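Chain by chain, the residues:
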Amino acid sequence: MTQSADLVIATLRQRLADVEGTLDAVLSGEIDAAIDPRDNSPVLLAIAQKRLRESEERYRSIVETASEGIWLLSLDGTITFANERMARMLGCAMDNVVGRSFFDFVPARQRELAVQRLARAPRGVAEETEASLRLPSGCELVVIVKSSIIRDALGECVAILIMITDATRRSDAERALRESEAEYRQIVESTTDGVVKLDPSGTIVFVNARFAQMLGYASEELIGKDVLSIVMPSERETVRDALRRRSHGATTPTDTIYRHKSGERVFVNIAGAALRDAQDRFVGVLGVVRDMTERRRLQSDLIVSDRMASVGTLAAGVAHEINNPLAAAISNLEFLQDGVTQLLTPGADVDRPNWVREQFAEPLADARDATERVRRIVKDLMMFSRSPVAELGGSVDVNAVIRSSLRMANNEIRHRAELVLDLGELPAVIADEARLGQVFLNLIVNAAQALPVGHAAQHRIRISSRREAESVVVEVADTGTGIAAHEIGRIFDAFYTTKDVGQGTGLGLAICQRIVSDFGGTLTVHSEVGVGSAFSVTLRVAEHAAPEVATRAPRVVTSYTGRVLVIDDEELVARSVQRSLGASCQLVRCASASAALTLIDDGAFFDVVICDIMMPNMTGMELYDRLLEVAPMQARRMMFMTGGVFTEEAKRFTERSEIVVLEKPFSVAELREAVNRFSESRAIRSA
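Thresholds, definitions, all that
Sequence order as written defines the numbering, with residues in each chain counted from 1. Confidence filtering applies because this is a predicted model: local features only for residues at pLDDT of at least 70, side-chain atom pairs given and counted only at 80 or more, and all residues used for totals across whole chains, interfaces and linings. Excluding hydrogens and water, the side-chain values take into account all heavy atoms of the structure. Buried Ala, Val, Leu, Ile, Met, Phe, Trp, Tyr and Cys residues form a nonpolar core when they are joined through side-chain atoms within 4.5 Å. For every residue, the accessible area obtained with a 1.4 Å probe (protein chains only) is divided by the maximum for its type, and the residue is called buried under 20%, exposed over 50%, and partly exposed between those limits. The helix count covers DSSP runs of H or I at least four residues long, the strand count covers runs of E at least two residues long, and both are numbered beginning at the N terminus. Here, two residues are considered to be in contact whenever any of their heavy atoms come within 4.5 Å of each other. Buriedness for pockets is judged along seven lines, at least five of which must meet protein on both sides within 12 Å for an open set on the 1 Å grid over protein atoms alone, while cavities are sets there where a 1.4 Å probe fits but cannot get out, and lining residues have an atom within 4 Å of a point. Grid points are joined across faces, edges and corners, and a volume is the space filled by probe spheres set on the points. As a working rule, the residues Ala, Val, Leu, Ile, Met, Phe, Trp, Tyr, Cys and Pro are called nonpolar, Asp, Glu, Lys and Arg charged, and the rest polar, with Gly in that last group. Whenever Lys or Arg places a side-chain nitrogen within 4 Å of a carboxyl oxygen from Asp or Glu, that contact is recorded as a salt bridge. Paired strands are those between which DSSP finds at least two bridges. Every axis in this analysis is a line fitted to C-alpha atoms, fitted for helices over the stretch in contact. Angles between the N-to-C directions lie between 0 and 180 degrees. What sets the label is the angle itself: under 35 degrees gives roughly parallel, over 145 gives roughly antiparallel, 65 to 115 gives roughly perpendicular, and the rest give oblique. Helix crossings fall into two classes, left-handed where the near helix is turned counterclockwise from the far one by less than a right angle and right-handed where it is turned clockwise.

(A) Main features of the nonpolar core. Ranked by internal contacts, the top residues of the largest apolar core, which has 40 residues, are Val398, Leu436, Phe440 and Val537. Sorting the residues of this core by element identifies α13 (398–414), α14 (433–449), β14 (460–468), β15 (471–478), α16 (508–518) and β17 (532–540) as the ones contributing at least two each. The element contributing the most residues to this core is α14, with 9 residues. Once residues lying within four places of it in the same chain are set aside, the contact partners of Phe440 are Val398, Val401, Ile402, Ser405, Val474 and Val537. Counting residues in hydrophobic clusters, the runner-up holds 27 residues, among them Leu73, Leu118, Leu133 and Ile149.

Okay, here's the thing in structure tokens:
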């Protein structure tokens, strides 16, 4: 055995826990007790030599079968010993390793650091580090290097023992892990959905770029924020509850409203899951957030389109409902006009007492009733034309909406069935008037179209309403053909219809179900083939709300005595307003907003300005904004009238808190009361 091998064996003796003590201690356990250990007899020497050889072989076996490569270096870095494992790692024969410099196997970029470590070794500095070995093939091997020093009998450092572990697999695994992390980070950052991670307290610890963009922030601005700080105040309790449920394992998606950095609302759907560590402890929540704002807008557009399609389907019936009272109004007005002509004709026989009352009273009343019917139908149409509101929370009189829907669908019903109406006394519900009317209109028309034309006496459409606990239930039932069992499970699917080709889009019931669901209610159906179908709408009762039993009667106001400016491009409307307000009113008419602006610029001032919203060239809205700049006192005395709001700009304008709007058509009493009340309120504010 060479001196280098002896040094390796000596070192391994020190490092291995199962081989300790001196040769004398080993021998003392092997020699018969009768033999004196101090005896230098040939027998004892032979036994000692035998045990030494066995020990050497045992240690050599350990060195050669070790999974680590082993090097012994002199202090100048020369390799004086290497085991077979080390040679195989380097891919060369043992003779090409022993005697060479250790630095021959160190890559150039790491050589300076290797020199420094070798210089520190004699001072007893043991090190473990990751490094690379340059193989004779030119490739590099990633290894873990452990070093320790070997001392002689005097304690001087005479060599350095190097044990090397092939770390290629670990390095490959770490590289694969880094690549996997980079890949998943790329996926997270490039997804079209937002991703947010919260700690157990609800603090944001990670967001991807899409989430930050969705809310108008830079990613770093969101880190450390409480998630509730980016939620609309009305939704915070909902989010708190969702986080509590997530911590207990719930995974049901949640709809809520975030607040954009600009203050705008962002409607989102969140699919979240709890995060747990290796000990199954809750460590946070991961949420995948989808922006639903555009989808909600498209759904709203679809709802309005379906509503307009429904009205279009009923156009002939609505025209019929308008034409009948309109014909009565026109004929009665013509009769009255003839009577007035007769009254003014010289020599006419009008001397009988009460002639005017007898001739005019009934036609006037009939004309008034007829125009009132037209007004109700127009109001119903206007209700159906309104855009869905973004937030629900209004109180709606269900029975009033049912009656309005029936007026719209009356012509569909009258030729197919007898109508049975059973409306109970109800509280108000949480809903939107236009959208709820759309639901009822769809259900009523569907019920009518399930029946044949011309057999009205044989069929019934029954509409009932009742209260059940904290809900209101409306049922629309027909005695039609019913729906087959294999179809009833699909009737709420979009584009599925049981009607004949060309008679339906298949969207009506799907939209109805979505609308009712938005109100927090349910829409269900029970049907039997040959018997008929019954659709039930269940709605939540509005808190602290009661139904409006009767419309408040307007105050009786004979005339208005203030100074009034009427601005309307419809001359007929302007003249009727002038007559309605009374002869004592100091009224000025303008056919355009620009003419009114010139009048006010010249110094005119009015107690009330009644202005149409939609006019050519300059709208009432534009006039209001101009007056706020040049005559703010006059602007604050403007009230508006409109035949319908059709643009988003006009809708936003009428929703402003300071704007007072009177909807056309209005009665004389309604106009007088509105002007008097408005004038009084503005006078008080001015004072």
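Back to the text.
(B) Empty space enclosed by the protein, seen in detail. As enumerated under the stated definition, the model contains 2 cavities of 30 Å³ or more in all. Surrounding the largest cavity, 14 residues form its lining, Leu198, Val239, Leu243, Tyr258 and Ile270 being those nearest its centre. Secondary-structure elements contributing two or more residues to the lining of the largest cavity are β6 (194–198), α9 (236–247), β8 (254–259), β9 (265–276) and β10 (282–291). It is α9 that provides the largest number of residues to the lining of the largest cavity, a total of 4 residues. Classifying every residue of the lining of the largest cavity gives 9 nonpolar, 4 polar and 1 charged.

(C) Spatial organisation of the pattern of salt bridges. For the structure on display, the rule yields 19 salt bridges. In this structure, Arg210 engages Asp291 in a salt bridge whose closest nitrogen and oxygen atoms are separated by 4.0 Å. Here Arg210, found in helix α7 (residues 209–215), pairs with Asp291, found in strand β10; they are 81 residues apart in sequence, far enough to count as distant. Here Glu468 makes a salt bridge to Arg466, at a shortest N to O gap of 2.8 Å.

(D) Just the sheet that holds strand β1 (residues 69–73), in detail. Overall, antiparallel pairing links the 5 strands, which are arranged β2-β1-β5-β4-β3 in an open sheet. What marks the edges here is a single partner per strand, and that holds for β2 (79–82) and β3 (127–134). Averaged over all adjacent pairs, the angle separating strand axes in this sheet is 30°, with direction ignored. Here 8 bridges tie β3 to strand β4 (residues 140–151), and the two strands are oriented antiparallel to one another. Across the sheet, Glu127 pairs through a bridge with Ser147, a residue of β4. The strands touched by helix α5 (residues 108–120) within the sheet are β1, β3, β4 and β5 (157–166), with β3 carrying the most contacts at an inclination of about 140°.

(E) Geometry of the packing of α13 against α14. One can describe the packing of α13 onto α14 by two numbers: an axis separation of 9 Å at closest approach and a directional angle of 40°. With respect to α14, the element α13 is oriented oblique. In terms of crossing hand, the pair formed by α13 and α14 is right-handed. Between α13 and α14, the residues in contact are Val398, Val401, Ile402, Ser405, Leu406, Met408, Ala409, Glu412 and Ile413 and Glu433, Leu436, Gly437, Phe440, Leu441, Ile444, Val445, Ala448 and Gln449, respectively. Of the residues belonging to the contact of α13 with α14, the class tally is 13 nonpolar, 3 polar and 2 charged.

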